[in-house]
Number of protein chains: 2
Amino acid sequence: AIPQAFYTKQTGAEGIVTGGAGGVWISAIGHAAALFGLKGRVYSVRKPGSDHAWGDAFGRVWGVDVLASPSESTRVGKLQHDRQGPDSGSIATALAEAYEEATRNPEVKFAIPTLMGHTLIHQTIVGLEAQRQLAAVNEAPDYVIGSIGAGSHFGGLIAPFVPARIQGRDTRFVAVEEASTPSLTRGVYTEESADAAGLMPQVPMYTLGREYSPPGVLAGAMRYHGVAPIVSALYREKYISAVAHGQVESYSAGLMFTRAEGIVLSPHAMYTVKEVIEQAMRCRESGSADTILFTVTPAVSTESTPYDALLDGLLHDEKPEEASLKKSLSRFIGRN
Amino acid sequence: AIPQAFYTKQTGAEGIVTGGAGGVWISAIGHAAALFGLKGRVYSVRKPGSDHAWGDAFGRVWGVDVLASPSESTRVGKLQHDRQGPDSGSIATALAEAYEEATRNPEVKFAIPTLMGHTLIHQTIVGLEAQRQLAAVNEAPDYVIGSIGAGSHFGGLIAPFVPARIQGRDTRFVAVEEASTPSLTRGVYTEESADAAGLMPQVPMYTLGREYSPPGVLAGAMRYHGVAPIVSALYREKYISAVAHGQVESYSAGLMFTRAEGIVLSPHAMYTVKEVIEQAMRCRESGSADTILFTVTPAVSTESTPYDALLDGLLHDEKPEEASLKKSLSRFIGRN
């Protein structure tokens, strides 16, 4: 967020506007805006059955406006609010609202939390640090495994290891998708917008289509319709492989990891861990000593945990109906 | 928690039991119990108007029992539950319940999250790391400032710097209390129990008395009736000074810090920051270049923040009635 606020300030704009779905990105953009004296505004996905948006309490801390999306202050927000109801929000809609505001108001610039090349470049700090830490113990990864929503964290993690892979080193990069939103494993490579309304410039990526409505799974960040262009290009050229895991197996793997390692995981980290355990079991069976690199993030509340639904027996897997997937993808037929 | 579980296992006991008020300590003891194959049980303060305890969701993750305190499964819990109601819980009561269970059941041992010498020794890792980091930039602290509930974090932070202070170096250690629970600044030095029921062995400390009911302030961890014996002894010998700050000034200082530094603080960190800002302003006025050491912990939710009450104008300061303080302290008259 800080580089995006810096360049926004350079243009002479008064404010920065963005879309998101929670406190982490709201805090990041709010702090960045404060550092450069910018007004901040965030369209954040509305909590079901509520007037509040995910993470809106953090907007107050930083002094930025947080609007529950779909809102009634933009054309795309109002249209969706009226037609599909206030609980129909998604990150792609929130981004559409922010982008619409930025295109109509010359005093504000648009910021984006994921997907685009510049956000992946900022995230490479994760991979660069991992590379240094591994070098300090004379290691390099045979596997780099990460879950993907839009792919910026995974892209940043693998980036420093990609040049050696292209030059022939046998490093395997594995992207883990939510089975209900299988952009890489079941989507198409085409031009598509980052936002739900198709306002933003189209970029080449693997996607299920910006209008795709995934079945309800808990990990909101894993339900994004597309994958960052850089990650998509590497997948197309077969430098990356992809797998899709369901939430029940991922949460179960996550709980096993938590009890062994002492870290209560965020939902998207559980998908990473599911695949890591699979690869580790394969290593044990084959007797190979592969080095597996992955990152996890902790859960962010001490009052509830992401495992509640699993332990209550309320968690079930969601797979897209073939017909729904075909309908969403039919727009692209003949385009790739 | 891990050393306490290790020594519990050494005794041949089947389980470990403790009291607390939230997910962090429940996670710590739950993970420690799992590592050594012990059953875990935690009495945790009941959420007002609820059957649930603070942090009980984390008990499920680790597979430990969490009972809302005051519970009806111990004599002290049931007595308090019936006489003062289910919402009358405190850490001191939760500890009393855990201790009662440990004294009645030879198969379980008691663990304690704060106050005692061994917990302070474990916490010295914080001070030792700070000492190394400062040494790496050729610095040593002129001030070490920290908020105190029962004082284990503060005690661990200052411990490595105490020997030089005793040998004459002019390092100032400042303990920051909640004005509604002024154990050091308005309490007495006497023998008192860690728990509300007086079941545990008495230890020498500054305290307001184990029956002291502080006025309602938000920071639960700051409302404990006593201060760790080691910290109390250092205060009595004047190696430590103490100040008391109210919650409005502390939260306001915390919000200023958050907006400047980009870290949303936990409530007890705000008390630390309030005093740090005061000392930094004094340095600016006097032109001195003192090095101030302090630690902060971040808030642990992305859906609400500790600043909500401040920003809603609902926060007000609480001072103990002189009569209430006198009543609680009257038990000790003539004892010191």
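From a predicted model like this one, the values you see are computed outputs, not experimental measurements.

Thresholds, definitions, all that
- Residues numbered from 1 in each chain as written.
- Chains lettered and ligands numbered in written order.
- Predicted model: local features only at pLDDT ≥ 70, side-chain atom pairs only at ≥ 80, totals over all residues.
- Heavy atoms only, no water.
- Helix = DSSP H or I, 4+ residues; strand = E, 2+ residues; numbered from the N terminus.
- Contact = heavy atoms within 4.5 Å.
- Buried < 20%, exposed > 50% of the residue type's maximum accessible area, 1.4 Å probe, protein only.
- Salt bridge = Lys/Arg side-chain N within 4 Å of Asp/Glu carboxyl O.
- Domains from an automatic or database assignment.
- Buried area = accessible area lost by both parts, 1.4 Å probe.
- Polar contact = N/O pair within 3.5 Å; in protein donor to acceptor, adjacent residues only side chain to side chain.
- Nonpolar A, V, L, I, M, F, W, Y, C, P; charged D, E, K, R; others polar.
- Least-squares fit on C-alpha atoms with pLDDT ≥ 70 in both.
- Core = buried A, V, L, I, M, F, W, Y, C linked by side-chain atoms within 4.5 Å.

Here B:T272 lies in helix 12 (residues 267-286). Discounting chain neighbours no more than four positions away, the residues touching B:T272 are B:I145, B:G146, B:S147, B:F294 and B:T295.

Glycine aside, residues mostly have negative phi angles, and peptide bonds mostly take the trans form. A:S69 connects to A:P70 through a cis peptide bond whose omega is 5 degrees. Locating A:P70 in the fold gives a position in the loop between strand 3 (65-69) and helix 4 (75-84). Located in the positive-phi region is A:K238, a residue other than glycine, with phi close to 65 degrees. Secondary-structure assignment places A:K238 in the loop between helix 10 (229-236) and strand 9 (240-245). With relative accessibility at 68%, the residue A:K238 sits in the exposed group. The phi dihedral of B:L115 is positive, around 80 degrees, even though this residue is not glycine. Counting through the fold element by element, B:L115 comes out in the loop between strand 4 (108-111) and helix 6 (117-136).

Residue and element names in this part refer to chain A. Under the defined criterion, the tally for this structure stands at 32 salt bridges over all chains. In this structure, E322 engages R186 in a salt bridge whose closest nitrogen and oxygen atoms are separated by 2.8 Å. Residue E322 is located in helix 14 (residues 322-330), and its partner R186 is located in helix 9 (residues 183-186); the two are separated by 136 residues in the primary sequence. Under the relative-accessibility criterion, E322 is labelled partly exposed at 45%. Take R186: its relative accessible area is 30%, and that puts it in the partly exposed class.

Moving on: the domain arrangement of chain A. Residues and elements named next belong to chain A. The domains assigned to chain A are domain 1 (2-110) and domain 2 (117-327). Each of domain 1 and domain 2 has a C-alpha centre, and these two points are 25 Å apart. Taken together, the contact pairs ten residues of domain 1 with twelve residues of domain 2. Between domain 1 and domain 2 lies a buried interface of about 900 Å² when both sides are counted; carbon and sulfur atoms form 80% of it. Summed over the three residues of domain 1 that lose the most area to domain 2, namely Q4, A92 and Y99, the buried surface amounts to 46% of that side. Counting the contacts that link domain 1 with domain 2 gives zero salt bridges. Between the two partners, domain 1 and domain 2, sit one residue pair in polar contact (both at pLDDT 80 or more). Going through the elements one at a time, helix 1 (2-10) and helix 5 (91-104) are the ones with two or more residues in the side of domain 1 that touches domain 2. A class-by-class count of the residues in the side of domain 1 that touches domain 2 yields seven nonpolar, two polar and one charged.

After a rotation of 180 degrees and a shift along the axis of 0.0 Å, chain A superposes on chain B with an RMSD of 0.0 Å. Each copy turns onto its partner about a two-fold axis. Of every C-alpha in chain A, the one belonging to A:S301 sits nearest the axis of rotation, 2.2 Å from it. A shared binding surface is used by both copies, with 100% of the interface residues of chain A retained as interface residues in chain B.

Residue and element names in this part refer to chain B. Counting 36 residues, the largest nonpolar core has L115, F154, I158, F173, L184 and I240 as the members making the most contacts within it. Residue assignment for this core shows that the elements contributing at least two residues are helix 5 (91-104), helix 6, helix 7 (152-158), strand 6 (172-178), strand 8 (203-207), helix 10 (229-236) and strand 9 (240-245). Counting residues domain by domain, this core receives three or more from each of domain 1 (2-111) and domain 2 (117-330). Not counting the four nearest positions on each side in its chain, I240 is found in contact with F154, I158, F173, A175, V231, L234 and Y235.

Turning next to the side chain of A:S71. Residue and element names in this part refer to chain A. Of note, S71 is situated in the loop between strand 3 and helix 4. A distance of 2.5 Å separates a polar atom in the side chain of S71 from a polar atom in the side chain of E97. The residues contacting S71, other than those within four sequence positions of it, are Y43, R46, G77, K78, H81 and E97.

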